[in-house]
There are 2 protein chains.
Amino acid sequence: MSLPLVFFFGNGKAEGDPKKCDILGGKGSGLAEMTQLSIPVPPGFTISSEVCTYYYQHQYTYPSGFEKEVLKKLEQVEEVMGSFFGDPKNPLLVSVRSGSRVSMPGMMDTVLNLGLNDHTLQGLIQRTQKERFAYDSYRRFIQMYSNVVLGLDLHLFKAIEDFDLQVSDLKEMVEEYKAIVRKQLGKEFPQDPYEQLWGAIGAVFLSWNSPRAITYRKIHHIPSEWGTAVNVQAMVFGNLGNDCATGVAFTRNPSTGEKKIFGEYLINAQGEDVVAGIRTPAPLSDAPKSEGYAPHSLERMMPQAFQELISIAKRLETHFLDMQDIEFTIQKGKVWLLQTRRGKRSAHAAIHIAIDMVSENILSKKEALLRVEPIQLDQLLHPMIDPEASKEVLAKGLPASPGAATGQVVFSPDEAEEWVNQGKKVILVRMETSPEDIHGMNVASGILTARGGATSHAAVVARGMGKCCIVGCHELYIDIKNEQMAVRDRKIKLGDVITINGTTGEIYLGVVPTIKPKLDQAYYTFMSWVDEVRTIRVRANADTPHDAQVARDFGAEGIGLCRTEHMFFDLARIDAMREMILADNEKDRRKALALLLPMQKSDFVGIFKEMKGYPVTIRLLDPPLHEFLPHNNKELAELGKKIDIPFTKLKRKAKSLDEFNPMLGFRGCRLGIAYPEIYEMQVQAIMEAACEVVQEEKISLVPEIMLPIIGDVREFELLKEMVDKICKDVLEKYKTHVEYKIGTMIELPRAALTADEIAKSADFFSFGTNDLTQTTFGISRDDSAFFLPKYVAKGIYEVDPFVRLDQKGVGRLMQLAIDLGRKAHADLKIGICGEHGGEPSSIEFCYRSGLNYVSCSPYRVPLARLAAAQAVIKYGFQEK
Amino acid sequence: MSLPLVFFFGNGKAEGDPKKCDILGGKGSGLAEMTQLSIPVPPGFTISSEVCTYYYQHQYTYPSGFEKEVLKKLEQVEEVMGSFFGDPKNPLLVSVRSGSRVSMPGMMDTVLNLGLNDHTLQGLIQRTQKERFAYDSYRRFIQMYSNVVLGLDLHLFKAIEDFDLQVSDLKEMVEEYKAIVRKQLGKEFPQDPYEQLWGAIGAVFLSWNSPRAITYRKIHHIPSEWGTAVNVQAMVFGNLGNDCATGVAFTRNPSTGEKKIFGEYLINAQGEDVVAGIRTPAPLSDAPKSEGYAPHSLERMMPQAFQELISIAKRLETHFLDMQDIEFTIQKGKVWLLQTRRGKRSAHAAIHIAIDMVSENILSKKEALLRVEPIQLDQLLHPMIDPEASKEVLAKGLPASPGAATGQVVFSPDEAEEWVNQGKKVILVRMETSPEDIHGMNVASGILTARGGATSHAAVVARGMGKCCIVGCHELYIDIKNEQMAVRDRKIKLGDVITINGTTGEIYLGVVPTIKPKLDQAYYTFMSWVDEVRTIRVRANADTPHDAQVARDFGAEGIGLCRTEHMFFDLARIDAMREMILADNEKDRRKALALLLPMQKSDFVGIFKEMKGYPVTIRLLDPPLHEFLPHNNKELAELGKKIDIPFTKLKRKAKSLDEFNPMLGFRGCRLGIAYPEIYEMQVQAIMEAACEVVQEEKISLVPEIMLPIIGDVREFELLKEMVDKICKDVLEKYKTHVEYKIGTMIELPRAALTADEIAKSADFFSFGTNDLTQTTFGISRDDSAFFLPKYVAKGIYEVDPFVRLDQKGVGRLMQLAIDLGRKAHADLKIGICGEHGGEPSSIEFCYRSGLNYVSCSPYRVPLARLAAAQAVIKYGFQEK
C-alpha cells in the first residue's frame with residue numbers, strides 16, 4: 001500500500017485532494033475543503049479509508065509505515081496548536097471521528113477529549129482555569145472511551161444532567177468511572193494518550209462493521225468495501241462558559257427551502273449534546289414565535305458569531321453549489337466549523353432551493369435538476385390530510401417530515417417490523433429514536449417522538465426516508481413498559497389507530513381522510529425544466545379511465561401498460577369471465593366472451609378519450625385462468641348455482657386448471673394460442689373502441705396491441721396474423737382507417753435471446769422486467785419471502801432485484817435484446833413497463849441502454865421524468 | 001425464379017447436379033445418379049422442389065416458363081422411349097411420383113400408368129398384345145387417379161384380387177369406374193393425357209401438405225419449407241407376364257447386417273402390390289426354410305435377373321458407400337431400377353454393415369462411424385426377452401424390428417394415443433398399418449400386424465422408430481369392430497396384456513421378464529473406433545452404486561451428476577429426512593442430520609469404489625423441502641405419530657413450506673444458505689467417504705462438489721467458504737490429502753449471464769439444461785401439457801425443447817456463459833448434465849460450443865459417445 005495514507009489539514013492548507021471523498025471520506029473532505037477556503041477549522045488529519053479496508057483484509061493490522069505517518073501528522077497539529085499531545089502542562093486534546101464516503105449519521109463511533117489523563121487534566125485546568133469544565137471533560141471522555149473503545153455498556157455509567165454537579169461530585173465520578181473500568185476489565189483505564197489514540201482509531205474502524213452500521217448500509221445500498229476514514233482533530237470547546245456554544249445548522253430551511261439559516265444550538269455545551277436531544281436547543285435565527293421556539297436565538301444571544309456563521313454559510317454554498325448541513329462550535333466567541341456536508345431536505349425544500357439557486361446565479365438549470373433526488377418527488381405527490389375533514393387534534397409536535405400517515409400505534413421497532421410483516425400499517429411511537437431503531441422506522445408508515453428537535457435523529461432519518469414524521473411532542477406521555485401512551489387523560493393503547501400530519505405536526509385519533517396534494521408553481525417550473533432536458537418518454541401503467549386521468553395529470557405521455565385482466569375482476573364481469581373459463585367448448589366460450597365484449601370496449605373507449613391521442617399500449621389477457629376462479633368450495637358452489645353447472649363438474653374443471661408452477665404455466669399468449677377466441681374478442685373490443693373514439697372525437701389515435709409471454713417468434717407471428725385479420729374486419733365494418741401497432745412484452749429470457757427474430761415482425765418491444773427478473777433469477781416473487789430477506793441480510797443481493805433492476809444479469813439480457821432487436825429492425829420502439837420503470841437507477845440504465853420510453857405507476861411519473869432528465873445530464877445526449 | 005426447373009434423365013445422362021437433393025429430392029437424385037452410373041433406369045424428368053415451394057407461395061400457380069419446360073422434357077423422354085404421350089398407336093405411359101429431400105415412405109401420392117385413355121388403351125393392347133393387362137392397367141389408373149387427383153374415396157371402387165378376373169370383367173369395371181367418376185363429379189374422367197399430367201403434378205404438390213404428411217414431418221422434424229420434387233418417368237411393367245416381376249430390396253440384411261441381398265418380389269405384378277401387402281411376396285435370395293419363407297425365390301425363379309440385381313446392388317453400394325434400399329421392376333427379363341436410397345436398418349445391422357464395409361475397403365473407419373445413427377444404439381441396449389423365462393407362445397409372426405415390449409392391447413391408433421396419455425403402455429395391433437396410423441405407432445410400446453412382410457409399412461416405420469415390431473402374423477384373427485382378436489380358440493380382448501419379441505417374432509400372453517442384451521464383438525469394435533475419434537468426455541448421471549456400475553459398463557468416464565436427494569427417498573431414510581425438515585431450530589435439524597450422515601457416506605463410498613478414480617460430480621440437495629413430506633393428511637398423521645409431533649403442528653409446518661411456484665422457490669443453494677447445516681452434513685459425508693476409499697483402496701480420486709441453483713457469485717462464494725472449511729476439517733481428521741473441486745450448475749439464466757464472475761472462483765460449470773430450458777422459456781415442464789403438444793402440432797416448436805436442446809435460445813445463452821466463463825478462467829471445465837446430454841443433436845452442439853464433457857443417463861452413454869465422435873468428424877477437431 002502506497003503512502004501517504006494520512007492527510008494533514010490546518011492553517012489554511014490541506015494535503016491530498018479534497019474532492020477525493022473515496023479516500024478522505026465525506027467529513028474529511030469537507031474539513032479539507034473548508035481549510036483551503038480559509039474557513040476556521042481546528043487543525044487535524046484524516047486517515048484514508050483505504051486503511052480501513054486494509055485493516056479488515058489483513059486480520060486487523062495496519063499497512064507498514066502507517067503508524068509513523070500518524071505520529072508525524074500529529075506533530076504538525078501540535079505545531080499549529082502550540083500544545084502537545086500528552087504534555088501535562090499544555091496538553092493537546094483531540095477528537096477521533098469516523099467519516100465514510102457518504103454520510104451515515106450516528107452510525108459509527110466518535111471519541112472526544114482524547115489525550116486526557118490524570119496528568120494532562122491538570123494542564124487543562126491550568127490552561128482554562130476551569131476545573132469544573134476539565135473534570136466534566138475527563139468524566140465524559142472516560143465514559144465515551146470506555147463505551148466506544150473498551151466495549152463497556154453505557155448504562156454502567158450514571159447518566160448525568162451536568163448542570164447540577166459540583167466540582168467535587170465530578171472528581172468523585174471520575175474516580176467512580178475509573179473504578180468501574182477496573183472492575184469490569186480487571187485493568188486500569190489507559191493513561192497513555194498514544195494507547196488511547198490507537199484504541200480510538202481501531203474502534204472507529206471496527207464500528208464500520210457494527211450491526212447497526214451494516215443495517216444502515218443495507219437500507220442505503222452502501223457497499224461494505226468502501227470502509228471509513230478517520231478524522232483526528234484538535235478539540236475546540238463549546239462548553240468553556242457562556243461565551244461558548246455548539247450547534248448544527250442548515251444553510252437554508254430543509255423543510256420549506258426558505259433562504260434563511262436554520263438550526264439549533266446550545267450555549268456552553270459539547271456538540272454531542274445537541275444531537276442527543278437531552279437538552280432542548282434554541283434556534284439560530286430570531287424566528288417568529290409561531291414556529292414554536294423560544295426567543296433565545298443565537299442571532300440575539302451572540303449577534304457577532306451569528307453574522308460570522310451567516311457569512312461562512314454563504315461561502316460554503318457558493319463553493320459547494322448546494323445547501324449545506326454544518327456543525328460548529330463557538331469557543332470564547334470564535335466560530336469554528338467542525339463539519340460541512342450536503343444538507344438533506346424535503347422534496348418541497350429541494351425544489352425551492354434548486355429554483356432559488358438558479359435565480360441567485362449559483363446554479364445553472366441543469367445543475368439545479370441534479371439537486372433534487374427523483375425519489376423525493378414521490379413524497380410530494382402523496383396524499384395530505386384533507387383540511388376540510390373533521391378531525392380531533394390529539395396533540396401537536398414539531399413537523400419534521402411532511403406528508404400524512406395513518407396506522408396502528410406500536411412502541412418498538414421489532415413490533416413495527418412484525419406487524420408490517422402481517423400486512424398492517426403502523427405508526428412507530430418512541431420517546432426518541434436511535435440508530436438501533438432504523439429497521440422499525442424503515443417499515444413504519446410514520447414516526448412520532450416525544451422528544452427531540454428538527455435536527456434530532458428521528459427528524460433527519462425520516463426526512464431522508466421521505467417518511468412522514470413528527471418529533472418533540474412533549475404532551476405525549478409514553479409508557480413503554482405497558483405499551484400505551486397518554487395525552488392528558490386520553491389513553492392510546494398498542495394497536496389503536498392514529499393519523500399524523502408531518503406537514504403541520506398535528507396528531508389525530510383514528511383515520512382522517514386525505515386529499516391529493518396541491519403542487520405549487522415551483523414544482524411546475526421545475527418539472528418544465530425537467531421536460532426541456534429529458535429525451536426519453538415517460539408513460540404510465542394504467543388500467544382504467546381514472547388511472548389514465550391521474551397519469552395525465554402527473555405528466556404521463558401515454559400508457560405503457562394497460563392490463564386488460566383487471567377489467568375482468570369487476571364484480572359485474574367476473575361471472576361472465578368464469579363462464580368463459582369453465583366452458584367446455586369454443587361455442588360456449590364465444591357465448592360468454594360476447595357478454596364481455598361490450599364491457600371491455602367501453603373501458604377502452606374511456607381510456608382512449610382520456611388519453612386524447614397519446615399512445616396507449618394494451619396488453620392482451622395474461623394471467624392463468626385459474627386466477628379468475630373462486631378458491632374455496634363454498635364460493636365455487638355459489639358460482640355453480642349462479643351459472644348452472646353442477647358442483648362436481650365445476651370442481652373437476654377448476655382442479656384441471658391447477659398448476660404446479662402457474663408463473664411458468666398456461667398463461668399469456670399461450671392462452672391466446674390455445675383459445676384464440678379470447679384474444680379475438682379483446683382485439684375486437686380495442687379496435688371498435690378506437691374506431692368509435694376516432695369518429696366521435698375527431699382525434700387521431702394509434703392503439704398499440706401487446707402480446708404477453710412471447711418466447712418464440714412463431715407465437716408472435718401466429719397471433720399477429722389473427723390480430724391483423726380482426727383489425728381488418730373491424731375497420732371494414734366502421735368504414736374508417738385507424739393505424740395500430742402490434743408488439744410484444746420481452747419478459748422471458750428466450751424472447752430476449754431471440755429478439756432479432758421477433759423484432760423483424762414486431763412494431764415495438766416492452767420489457768416486462770417483473771417477470772424477466774423472476775425467470776432470469778429463477779425466483780418466484782410470491783415465494784421469495786423464504787430467502788430473499790436473508791439474501792439481502794447476508795449481502796448476497798445488495799438490494800431486492802424486484803425493487804432495483806439487476807443491471808448485471810437482467811440488464812445484460814436486456815442490452816442483448818436491444819442490440820439484437822435494433823440490428824434487425826433499426827427503428828424498433830423499445831420501452832419498459834415493469835415496476836423498475838419507476839425506479840431512478842433503473843431509469844438511468846434504460847436511458848443508457850437506448851430505450852425510447854419508460855412506463856411506471858401514475859404516482860411515479862414525475863419521479864421518472866426527473867430521473868430521465870438527470871440521466872441525460874449525467875451521461876450526455878444520446879441519439880435514439 | 002430462374003430456369004431450369006425441370007431435369008431430364010435417361011440414356012446414361014442426367015441434367016442437373018445429382019448431389020442436389022434439395023432440388024431433385026431423394027428419389028430424383030437417386031434416379032439421376034443411377035442414370036449417370038449406366039444402371040438401367042426408365043427415362044424421365046424431375047421437377048425441382050423449388051416449384052413446390054413457389055406453388056404454395058403463389059396461390060397454387062407455377063413459375064413462368066415452367067410448363068413449357070415440362071413439355072420439352074417430356075419430348076426428350078418420348079425420343080428415348082420411341083413412343084409418344086397420347087399417341088393412340090404407340091402411347092408413352094408415365095408414372096408421377098413425389099420425392100422430397102428425405103424419404104417419407106408412403107406419405108405422399110403416386111400415379112402410375114398415366115397417359116392412358118380410351119384411345120391409347122388400344123395402342124397399349126396392340127403393342128403388348130395383352131388385352132387383360134392393358135384393361136387392368138387402365139382400371140388401376142382410373143382408380144388411382146380418381147383417388148389421388150380427383151379426390152374420390154378409394155372405397156367407392158371395388159377392391160379386387162386381379163387373378164380371378166377375365167378381360168370382360170375388366171372391361172366392365174373400366175366402364176363402371178368411369179361411371180362412378182361421372183356420378184360423383186358430374187363430369188367425365190379426363191381423357192386428355194396432358195390434363196392428366198398436370199392434374200397429377202398438382203396432386204403430388206398438394207400431397208406435401210396432406211395431414212398425414214404434416215404429421216410425419218412433425219415426428220421426423222422435417223421443415224415444411226422444403227417441399228417435394230416430382231418425378232415423371234416412363235412406365236416399365238412388372239405385370240406383363242410371368243417373365244415380369246417387381247420387388248424391393250435392401251442390398252444387405254437390414255435386421256442383421258448380413259452381407260446378402262434381402263428383399264421381396266412378386267411375379268407379374270406392379271410395384272405398389274409389394275408395398276401394399278395384399279399379396280404375400282416371395283424372398284429374393286434362396287434363404288433357408290428356417291427363416292420362414294417359401295422357396296419361390298427370385299434366385300431360383302429368375303437366376304439371370306437375380307445376378308443382374310446383385311451386380312447392380314454392388315455398384316450402388318460402392319458408389320453411395322452405403323447399404324441401399326432399392327425398388328426394381330423386371331420387364332420381360334430385363335431389370336430396371338426405379339429407386340435407390342439409403343437403407344434404414346436396425347442398430348445391430350448398422351454396426352455390422354459399418355464394420356464389414358471397412359473390412360471390404362468400401363469405407364474408412366471415420367466414414368463407418370457416420371453410418372450408424374447414435375439414437376439407434378439406444379435400442380441395442382434395451383432389455384430383451386429373458387430366454388430362460390417361462391412363457392407361453394401365443395403365436396408367431398415375422399420379426400420386423402428387434403427388442404421386446406409389453407403392453408395392453410389396443411386396436412386403433414387413437415386408442416393407443418388416448419391410453420398412453422393416461423399413462424398406460426400399449427401394443428398397437430392392426431391388420432396392417434398405414435400412414436394414417438403413425439400417431440398411434442409413435443406412442444405404442446410395440447406394434448403387431450396380421451398382414452405384411454419385412455418391408456411392409458409397419459416394418460419399415462417401426463425400424464425407423466427403433467420400436468419393437470412383429471408383422472405378418474397370419475394366425476391372428478383380428479375383430480376390429482368388437483375390439484378383440486383370437487388365435488385359434490384363444491381370445492384377447494382390448495386391454496389384455498401381451499408381450500412381443502421383435503427379435504424372434506414371438507407373441508406371449510401377459511408380462512414376460514426381460515434381460516439386459518448381450519453386446520457382441522462388432523459392437524465393441526465399433527465403440528473402440530468411436531472412442532479413438534471422440535475428444536469430449538462422456539459421463540453418466542448416476543445416483544447409486546448400481547447406477548454407477550451400469551454406467552461404467554456402458555463406457556461412462558465418470559459421473560457428471562449424482563443427485564443426493566434420491567438417496568433420501570429411501571424408506572429407511574425418509575423419516576430422518578422429514579424430522580430434519582420439520583425441526584424448529586438448528587439444533588434439532590443437526591440431530592436429524594446426524595442420523596443421515598452415515599447413510600449418505602456409505603452411498604458415496606459405494607459410488608467412489610465403483611468409479612475407481614473416475615471423476616464423480618455430486619450435487620448437493622436441490623429440491624424444495626416439501627417434496628419430501630407426505631402429501632395427504634393420513635400419511636401426515638402417521639408420520640406425526642412416528643416422529644412424535646402433534647398433527648396440527650405438523651400440518652402447519654408442512655403448509656408453511658407450500659409454494660406457489662416451487663420450481664422458482666426455496667430450493668437448491670437457497671436451502672444451503674438458509675440452513676447451512678444440511679450442506680455441511682453432505683459435504684462431510686462426501687469427504688469422509690472419499691478419505692476412506694482413498695485410504696482403503698489406495699486409489700486417487702477427486703470428488704467434485706456441485707452447487708445447484710446458483711444465480712449470483714456471492715451465493716457461490718459463501719458456500720464455497722463453507723465447503724472449504726468442512727473439507728479442511730475432514731482432511732485433518734483423516735490425516736490425509738484428497739483433492740476436491742467445487743463447481744456450479746449453470747441452470748438459471750442469471751448464472752449464465754454472470755458466468756464471468758462465477759467462473760473466477762469455480763472449478764467447473766455443468767449446464768443443467770432441464771431447468772435452464774424451463775427458466776429461459778418460462779415454461780414449467782410439469783404444466784406444459786396444457787399447451788406444449790398444441791405448440792408442436794401448430795409448428796410453433798419444431799420439437800419439444802425439453803427433448804432437443806433449443807440452440808437458438810438456450811444455446812445462445814450457453815454460448816454466452818461459455819465465452820464469459822472461459823474468458824475469466826481459461827481452463828474452466830465445462831459440461832452438461834441435463835437430459836439433453838443424451839440427445840445427439842444437442843451433443844453435437846455441446847462439442848461445437850467447446851464443452852469438455854456431456855453427462856447423460858447410463859443407457860444413453862454409448863449413444864452419446866457415438867454422437868460425440870460424429871461431431872468431431874463433421875466439424876473437425878477443436879482445441880478444448
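All figures in this text were calculated on a predicted structure; none of them were measured in a lab. (Residues numbered from 1 in each chain as written. Chains lettered and ligands numbered in written order. Predicted model: local features only at pLDDT ≥ 70, side-chain atom pairs only at ≥ 80, totals over all residues. Heavy atoms only, no water.)

*Asks:* Got a minute to help me understand the overall build of chain A in this structure?
*Replies:* The secondary structure content of chain A amounts to 33 helices and 32 strands. Radius of gyration (C-alpha) of chain A: 32 Å, near the 29 Å computed for a compact globule of 880 residues. Each principal axis of the C-alpha distribution contributes one length, and for chain A these read about 100 × 65 × 55 Å. The burial tally for chain A puts 59% of its 880 residues in the buried class. Sequence separation of 24 or more characterises 69% of the internal contacts of chain A that already satisfy a separation of 6 or more. As displayed, chain A has an accessible area near 34700 Å², and 51% of this comes from carbon and sulfur atoms. Distance between charge centroids for chain A: 1 Å, based on 105 positive and 115 negative side chains. (Helix = DSSP H or I, 4+ residues; strand = E, 2+ residues; numbered from the N terminus. Rg over C-alpha atoms; globule rule 2.2 N^0.38 Å. Buried < 20%, exposed > 50% of the residue type's maximum accessible area, 1.4 Å probe, protein only. Contact = heavy atoms within 4.5 Å. Areas by Shrake-Rupley, 256 points an atom, 1.4 Å probe, with all protein chains shown as cover. Lys, Arg positive; Asp, Glu negative; His and termini not counted. Charge placed at Lys NZ, Arg CZ, Asp CG, Glu CD.)

*Asks:* Sorry if this is basic, but what is going on with the interface of chain A and chain B here?
*Replies:* Buried accessible area, meaning the area lost when the parts come together, often serves as the stated size of an interface. Each partner contributes residues to the interface: chain A has 49 residues there, and chain B has 49 residues. Summed over both partners, the interface of chain A with chain B comes to about 4700 Å²; 58% of that surface belongs to carbon and sulfur atoms. In this structure, the connection of chain A to chain B is made through six salt bridges. For Arg-812 of chain A, the salt bridge is made with Asp-756 of chain B, and the minimal N-O distance between the two is 3.1 Å. (Buried area = accessible area lost by both parts, 1.4 Å probe. Salt bridge = Lys/Arg side-chain N within 4 Å of Asp/Glu carboxyl O.)

*Asks:* Can you walk me through the packing of aromatic side chains in this structure?
*Replies:* Each aromatic ring pair is described using two quantities: the centre-to-centre distance and the angle formed by the ring planes. This structure, assessed with the given rule, holds 46 aromatic pairs over all chains. For the pair Phe-787 of chain A and Phe-666 of chain B, a centre-to-centre distance of 6.1 Å together with 10° between the ring planes defines the contact as stacked. Taken together, the residues Phe-787 of chain A in the loop between α29 (769-777) and α30 (788-793) and Phe-666 of chain B in the loop between α23 (647-656) and α24 (669-674) connect one chain to another. The pair Phe-787 of chain A / Phe-666 of chain B is uniform in exposure class, with both members buried. Cluster of aromatic residues (ring-pair linked, three or more members): Tyr-55, Tyr-56, Tyr-60, Tyr-62, Phe-66, Trp-198 and Phe-205 of chain A. Here the guanidinium or amino end of Arg-217 of chain B rests over the ring plane of Trp-208 of chain B, the centre of that ring lying 4.1 Å away. (Phe/Tyr/Trp six-rings, centres within 6.5 Å; stacked < 30°, edge-to-face > 60°. Lys NZ or Arg CZ within 6 Å of the ring centre and 35° of its normal.)

*Asks:* Sorry, what's going on with unusual backbone geometry here?
*Replies:* Outside of glycine, negative phi angles account for most residues, and trans bonds account for most peptide bonds. Following Leu-3 of chain A, the chain continues into Pro-4 of chain A via a peptide bond in cis, with omega recorded as 0°. Following the sequence through the fold, Pro-4 of chain A ends up in the segment before β1 (6-10). Despite not being glycine, Lys-612 of chain A has its phi angle at roughly 45°, a positive value. Relative to the helices and strands, Lys-612 of chain A is located in the loop between α21 (586-611) and β27 (616-619). Positive phi is not limited to glycine here, since Leu-321 of chain B has a value of about 55°. Assignment of secondary structure puts Leu-321 of chain B in the loop between α11 (303-320) and β10 (324-331). Owing to a relative accessible area of 25%, Leu-321 of chain B belongs among the partly exposed residues under this scheme.

*Asks:* Sorry, what's going on with the environment of Val-550 of chain A here?
*Replies:* Residues and elements named next belong to chain A. Tracing the backbone through its elements, the reader meets Val-550 in helix α19 (residues 545-553). Using a relative accessible area of 12% as the deciding quantity, one classes Val-550 as buried. Considered as a pair, Val-550 and Val-861 are 311 residues apart in the sequence and their alpha carbons are 9.9 Å apart.

*Asks:* In this structure, what is going on with the relation of the copies chain A and chain B? I would like to understand it.
*Replies:* Put simply, the second copy of the chain is the first one after a rotation about an axis and a shift along it. With an RMSD of 0.3 Å, the operation that places chain A on chain B is a rotation of 180° combined with a shift of 0.1 Å along the axis. Such a combination of rotation and displacement between the chain copies is what one expects of a two-fold axis. For chain A, the residue whose C-alpha comes nearest the rotation axis is Asn-661 of chain A, separated from it by 2.1 Å. (Least-squares fit on C-alpha atoms with pLDDT ≥ 70 in both.)

*Asks:* What am I meant to see in the side chain of Ser-137 of chain B here?
*Replies:* Its place among the elements puts Ser-137 of chain B in helix α5 (residues 131-148). Residues in contact with Ser-137 of chain B, not counting those within four places in the same chain, are Asn-113, Leu-116 and Asn-239 of chain B.

*Asks:* Help me out: how do you make sense of helix α29 (residues 769-777) of chain B in this one?
*Replies:* The α-helix winds at 3.6 residues per turn, so residues separated by three or four positions along the chain end up facing the same way. Residues and elements named next belong to chain B. The buried fraction of α29 amounts to eight of the nine residues, a majority that puts the element mostly inside the structure. Within the sequence span of α29, burial applies to Thr-769, Asp-771, Leu-772, Thr-773, Gln-774, Thr-775, Thr-776 and Phe-777. Trailing α29 by a residue or two, Gly-778 shows a phi angle of about 65°, which is positive.

*Asks:* Mind showing me how you'd approach the pattern of salt bridges here?
*Replies:* When charged atoms on two side chains of opposite charge get close, those side chains can pair. All names here are of chain A. Taken as a whole, this structure holds 105 salt bridges over all chains when the rule is applied. Across the pair Glu-704 and Lys-829 runs a salt bridge whose closest N-O atoms are separated by 2.6 Å. Residue Glu-704 is located in strand β28 (residues 703-707), and its partner Lys-829 is located in strand β31 (residues 829-832); the two are separated by 125 residues in the primary sequence. One network of salt bridges, in which partners are shared, links Asp-531, Arg-534, Arg-537, Glu-557 and Arg-865.

*Asks:* When you look at the nonpolar core in this model, what are you seeing that I'm missing?
*Replies:* The nonpolar side chains of a soluble globular protein tend to be buried, and buried together. If you look at the biggest cluster of nonpolar residues, it comprises 299 residues, and the most contacted ones within it are Phe-526, Phe-608 and Phe-767 of chain A together with Phe-526, Phe-608 and Phe-767 of chain B. When sequence neighbours within four positions are dropped, the list of residues in contact with Phe-608 of chain A reads Gly-613, Val-616, Ile-618, Ile-686, Ala-689, Ala-690, Val-693, Ile-699, Leu-701 and Pro-703 of chain A. (Core = buried A, V, L, I, M, F, W, Y, C linked by side-chain atoms within 4.5 Å.)

*Asks:* In this structure, what is going on with the packing of α29 of chain B against helix α31 (residues 807-824) of chain B? I would like to understand it.
*Replies:* Two numbers describe a pair of packed helices, the interaxial angle and the distance between the axes. All names here are of chain B. Remark: α29 packs on α31, axes separated minimally by 10 Å, with the N-to-C direction vectors making an angle of 115°. One way to sum up the angle between α29 and α31 is to call them roughly perpendicular. The element α29 and its partner α31 pack so that their crossing is right-handed. Two secondary-structure elements touch here, α29 through Thr-769, Leu-772, Thr-773, Thr-776 and Phe-777 and α31 through Val-810, Leu-813 and Met-814. Among the residues forming the contact of α29 with α31, the class breakdown is five nonpolar, three polar and no charged. (Axes fitted to C-alpha atoms, helices over the stretch in contact; angles between N-to-C directions. Parallel < 35°, antiparallel > 145°, perpendicular 65-115°, else oblique. Left-handed = near helix turned anticlockwise from the far one by under 90°. Nonpolar A, V, L, I, M, F, W, Y, C, P; charged D, E, K, R; others polar.)

*Asks:* Would you explain the environment of Leu-636 of chain A in this entry?
*Replies:* Residues and elements named next belong to chain A. The residue Leu-636 is located in helix α22 (residues 633-643) in this model. Separated by 293 residues in the primary sequence, Leu-636 and Gly-343 place their C-alpha atoms 58 Å from one another. Once you skip the residues sitting within four places of it in the chain, Leu-636 turns out to touch Pro-630, Phe-647, Leu-650, Lys-651 and Ala-654.

*Asks:* What is the right way to read the packing of α22 of chain A against helix α23 (residues 647-656) of chain A from this model?
*Replies:* All names here are of chain A. At a closest axis distance of 9 Å, the pairing of α22 and α23 adopts a crossing angle of 120°. One element, α22, and the other, α23, form an angle in the oblique class. The handedness of the crossing between α22 and α23 comes out as right-handed. Listed contacts from α23 to Asn-633, Leu-636, Ala-637, Leu-639, Gly-640 and Ile-643 of α22 are Phe-647, Leu-650, Lys-651 and Ala-654. Looking at side-chain class alone, the contact of α22 with α23 contains seven nonpolar, two polar and one charged residues.

*Asks:* What exactly am I supposed to notice about the sheet that holds strand β8 (residues 262-267) of chain A here?
*Replies:* In any sheet, the strands associate via hydrogen bonds between backbone groups, in a parallel or an antiparallel arrangement. All names here are of chain A. Within the open sheet, the five strands sit side by side as β9-β8-β7-β10-β11. Their pairing is antiparallel. The open sheet has two edge strands, β9 (282-283) and β11 (334-342), and neither has a second partner. Bridging between strand β7 (residues 245-250) and strand β10 (residues 324-331) involves six bridges; their strand directions are antiparallel. Each bridged residue has a counterpart across the sheet, and for Val-248 the counterpart in β10 is Glu-327. Where helix α11 (residues 303-320) meets the sheet, its contacts fall on β10 and β11, and the angle it forms with β11 comes to roughly 30°. (Pairing = 2+ DSSP bridges.)

*Asks:* What am I meant to see in the confidence of the model for chain A here?
*Replies:* A low pLDDT means the predicted coordinates there should not be read in detail. Taken as a whole, chain A shows an average pLDDT of 90; of its residues, 96% reach a score of 70 or greater. Interface confidence for the predicted complex, given as ipTM, is 0.79, next to a pTM of 0.80. (pLDDT = per-residue confidence, 0-100.)

*Asks:* Just to check I follow, could you spell out the pairing of strand β21 (residues 490-493) of chain B for this structure?
*Replies:* The two faces of a sheet get side chains in turn, since along a regular strand they alternate between them. All names here are of chain B. Direction of pairing for strand β20 (residues 484-487) relative to β21: antiparallel, over a ladder of four bridges. By the bridge assignment for β21, Gln-484 is matched with Lys-493. With antiparallel pairing between neighbouring strands as the criterion, β20 and β21 make up a hairpin whose turn holds two residues, including Arg-488 at a positive phi of roughly 55°.

*Asks:* It is not clear to me how the sheet that holds strand β21 (residues 490-493) of chain A should be interpreted in this structure. Could you clarify?
*Replies:* Residues and elements named next belong to chain A. A sheet is described by the order of its strands in space; here three strands give the open sequence β19-β20-β21, paired in antiparallel fashion. On the outer flanks of this sheet lie β19 (476-479) and β21, each paired with one strand and no other. The sheet shows a mean angle of 20° between the axes of neighbouring strands, direction not considered. In this structure, β19 lies alongside strand β20 (residues 484-487), joined through four bridges in antiparallel fashion. Directly across from Ile-478, in β20, lies its bridge partner Met-485.

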